Amino acid sequence: MNYSHWIKKTIPKKQQMEKASPNTSSTSKKKIIKEEFISIRELYKEEKWQQLIAISKRNRGLFQEYDQIRVQGRDINLGEAVLINSGDNHEEDYVGIIKQIVSVMVPRTNKYICLCNVEWYMRKSEVIKNHPKSNEWASEQEIFKTKLSEYILAQTIIDKCNIVTCKEYAELKEIESNVYFNRLSWDLEKNKFRGYDKLQKFCLCHQPLNPDRKYIQCDSCKEWYHFECVGILEEKMGNGHYFCSICK
Ligand SMILES: [Zn+2]
Ligand SMILES: [Zn+2]
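The shown structure was predicted, so the numbers you read here are calculated from the model rather than taken from an experiment.

Right, let's talk about the overall build of the protein for a bit. A count of helices and strands for the protein gives eight helices and 16 strands. Counting only residues that meet the buried cut, the protein has 39% of its 248 residues in that class. Counting contacts in the protein only where the partners sit at least 6 residues apart, residues at least 24 apart contribute 55% of the total. Accessible surface, the protein as shown: approximately 15900 Å² in total, 48% of it carbon and sulfur.

Glancing now at the nonpolar core. Core analysis: the largest hydrophobic core is formed by 16 residues, its most contacted members being Trp-49, Leu-52, Ile-53, Val-102, Val-104, Ile-113 and Leu-115. Looking at this core, the elements that each hand over two or more residues are α4 (40-45), α5 (49-57), β5 (94-105), β6 (112-123) and β7 (143-153). The leading source of residues in this core is α5, at four residues. Excluding its chain neighbours within four sequence positions, the residues that come into contact with Ile-53 are Phe-63, Val-102, Val-104, Leu-115 and Tyr-151. If you look at the next biggest cluster of nonpolar residues, it comprises 13 residues, including Val-71, Cys-116, Val-118 and Ala-154.

Two elements, strand β2 (residues 68-71) and strand β3 (residues 74-77), share four bridges in a ladder whose sense is antiparallel. By the bridge assignment for β3, Arg-70 is matched with Asp-75. Linkage of β2 to β3, two consecutive antiparallel strands, is achieved through a turn of two residues, within which Gln-72 is found at a positive phi near 50°.

Turning our attention to the side chain of Thr-146. Checked against the element boundaries, Thr-146 lands in strand β7. There is a polar contact of 2.7 Å between the side chain of Thr-146 and the backbone oxygen of Trp-120.

On to the pattern of salt bridges, then. Under the counting rule described, the total for this entry stands at 11 salt bridges. The residue Glu-80 makes a salt bridge to Lys-160 at a minimum N-O spacing of 3.6 Å. Of this pair, Glu-80 sits in the loop between β3 and β4 (81-84) while Lys-160 sits in strand β8 (residues 157-160), and the two are 80 residues apart along the sequence. Salt bridges sharing partners connect three or more residues here, namely Lys-99, Glu-119 and Lys-145.

Here we come to the coordination of the zinc ion (ligand 2). For the zinc ion (ligand 2), the protein coordination sphere consists of Cys-218 (SG), Cys-221 (SG), Cys-244 (SG) and Cys-247 (SG), at 2.3 Å. One can describe the donor arrangement at the zinc ion (ligand 2) as tetrahedral, given that its four donor atoms subtend angles of 102 to 116° at the metal. Residue Cys-218 is classed as buried on the basis of its relative accessible area, which comes to 0%.

Let us look at the coordination of the zinc ion (ligand 1). Think of it this way: four donors in a tetrahedron around the metal ideally sit 109.5 degrees apart, and six in an octahedron ideally sit 90 or 180 degrees apart. Around the zinc ion (ligand 1), the protein contributes the donor atoms Cys-203 (SG), Cys-205 (SG), His-226 (ND1) and Cys-229 (SG), at 2.1 to 2.3 Å from the metal centre. The coordination sphere of the zinc ion (ligand 1) comprises four donor atoms, whose angles at the metal cover 98 to 119°; the geometry is tetrahedral. Here the donor residues of the zinc ion (ligand 1) are spaced in sequence according to C-x1-C-x20-H-x2-C. On the accessibility criterion, His-226 (0% relative accessible area) is buried.

Moving on: the side chain of Asn-117. Along the polypeptide, Asn-117 turns up in strand β6. Discounting chain neighbours no more than four positions away, the residues touching Asn-117 are Ile-97, Ile-98, Lys-99, Gln-100, Ser-149, Glu-150 and Tyr-151.

With that settled, consider α5. Looking only at α5, the buried set comprises Trp-49, Leu-52, Ile-53, Ile-55 and Ser-56. Buried positions in α5, seen along its axis, are confined to an arc of 165° and lie on one side of it.

The rules behind the values
Residues numbered from 1 in each chain as written. Chains lettered and ligands numbered in written order. Predicted model: local features only at pLDDT ≥ 70, side-chain atom pairs only at ≥ 80, totals over all residues. Heavy atoms only, no water. Helix = DSSP H or I, 4+ residues; strand = E, 2+ residues; numbered from the N terminus. Buried < 20%, exposed > 50% of the residue type's maximum accessible area, 1.4 Å probe, protein only. Contact = heavy atoms within 4.5 Å. Areas by Shrake-Rupley, 256 points an atom, 1.4 Å probe, with all protein chains shown as cover. Core = buried A, V, L, I, M, F, W, Y, C linked by side-chain atoms within 4.5 Å. Pairing = 2+ DSSP bridges. Polar contact = N/O pair within 3.5 Å; in protein donor to acceptor, adjacent residues only side chain to side chain. Salt bridge = Lys/Arg side-chain N within 4 Å of Asp/Glu carboxyl O. Donors = N, O, S within 2.8 Å, 3.2 Å for Na, K, Ca; no water. Tetrahedral: all angles 85-135°; square planar, octahedral: opposite > 155°, others 65-115°. Arc of directions from axis to C-beta.

So this is what it looks like as structure tokens:
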């Protein structure tokens, strides 16, 4: 099959016009020529899924969309959260939500590959590089929504996972490793949190709730304090009341 034929057919009209124009600069000419001859096979090899899908979409029989995929014997639906293999360290596996499931024909075969468009969440380990202070209040199971979505190979999906609210997470009696919570977004362009100012702050250190840490409530003002911040050791806990330094 001649794949370059398909590509030629799909060059946007604007570029064809530019090509015909005598005013086109040499750099854009080069670009046009390069784009014209890049084959589906090359896109596949270079894992340029976005372009591969764009081209396949315009050619009948090369592209199909689905509502569900089966990974490790489990059905995963559109809109569900998944863990995606990041390499050797499973602690760093990526978390995302499946926005689209498609299959695209592998060039020069009759086989299809399955790709998923995934909306990414950032993990704590990724945001503390830019925001070291968040190490104190962000939970190990906390993830931050981004506006970035990408195509990934479906075979890199490890398993389903659950994304709950912070309140739901804090109320869990037992925490499974595939349960995450989300309360904030991460702005990838500005490298900062969105919605941080609106979060309720606790303790003398004035930080958002970290469900992984231990808190004690003052019997008088009802404010919550970190054990460490008010010098309480776990052993001393139990019976009796607690009054914070302000209320004492
Ligand atoms: Zn504190
Ligand atoms: Zn108090």
